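The lines below spell out each chain.
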Amino acid sequence: MIKDQLTREQTIDKIRVLRGIVTARWFLILGLTVLGIFLRSLSNHEFLLGLDFVRIFALSGIAGTLNVAYYLYLRREEKVTNRGISVVSFLQISIDTILYSSIIFFSGGITATSYLFYTYAIYNAAALYKIRGVLLTVFFCVLIYTGIIGLEFFEITPHVQQYAPRFAPNHFQNYAYTFVVYITIIFSLVIAGAFSSVVSEIVESREQQIKREKDRVSSIIEHLPNGIILIDNYHQITFANK
């Protein structure tokens, strides 16, 4: 019985982590939207090209709609299952990565600094997964970024100019520039993934230590001569010793 209760308790902890990420994502969505609007308004189509107001609001709308859906699903903890947690976690990482990739594409591809947004997905994965999940997220980011750069370099997809020509040189299809920037960004993502993996391992180790302490306390309570029953806010029994 204790094992089942601890499993449910761990599930509740995961739900609250996801809800915390959903809350943090509102600040991320708002911040990136305000930044995009500010830069676009400042340039007035004379400096920055690429991401226009329509694309900015479209990407923000998609991200906001998904965040509302996550919130509505996670707000009732007693209805959330382990499979639901896995699905929401996967969608958060994968869809966010695709949205960041869209920003990179519309911001100039190889000349865009928006690749930094991938670190949000990597740090998000560190909060949700163990080392393998973080490394898979890094691989997914690298794979999509490689596709964006490769497709535009060979003109399979159009290259969206980031800056007006008179403000910056066009490095598109410059072999040396593309190679150096690509390798630098890939290494940066790998380093971010390695750093996040170490942090994730430290957090996991502390969680295991806390779990062992809970097991020890639960074992002591289980063998007390008196009966003990714990009830949560939903009036459900969360613990009962023998």
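As shown above, the structure is provided for reference.
Residues numbered from 1 in each chain as written. Predicted model: local features only at pLDDT ≥ 70, side-chain atom pairs only at ≥ 80, totals over all residues. Heavy atoms only, no water.

(A) Just the overall build of the protein, in detail. A count of helices and strands for the protein gives six helices and two strands. The N-to-C order of helical and strand elements in the protein reads α-α-α-α-α-α-β-β. Scored against the burial criterion, the 242 residues of the protein give a buried share of 38%. Relative to all contacts within the protein whose residues are 6 or more apart in sequence, the contacts with residues 24 or more apart total 68%. A total of about 14,800 Å² of accessible surface is found on the protein, and carbon and sulfur atoms cover 67% of it. (Helix = DSSP H or I, 4+ residues; strand = E, 2+ residues; numbered from the N terminus. Buried < 20%, exposed > 50% of the residue type's maximum accessible area, 1.4 Å probe, protein only. Contact = heavy atoms within 4.5 Å. Areas by Shrake-Rupley, 256 points an atom, 1.4 Å probe, with all protein chains shown as cover.)

(B) Structural context of the side chain of Ser196. With respect to the helices and strands, Ser196 occurs in helix α6 (residues 175-222). Beyond its immediate sequence surroundings of up to four residues, Ser196 is in contact with Ile122, Tyr123, Ala126 and Val134.

(C) Quick peek at the nonpolar core. By size, the foremost hydrophobic cluster in this structure holds 32 residues, and its most contacted members are Tyr100, Tyr115, Tyr118, Ile122, Tyr145, Ile185 and Leu189. Sorting the residues of this core by element identifies α1 (2-43), α2 (53-74), α3 (82-106), α4 (118-128), α5 (131-153) and α6 as the ones contributing at least two each. Counting residues per element, this core draws most heavily on α5, which supplies eight residues. Setting aside residues no more than four positions away along its own chain, Leu189 makes contact with Tyr115, Tyr118, Ile122, Val138, Cys141 and Val142. (Core = buried A, V, L, I, M, F, W, Y, C linked by side-chain atoms within 4.5 Å.)

Everything listed here is a matter of geometry and, on its own, says nothing about what the molecule does.
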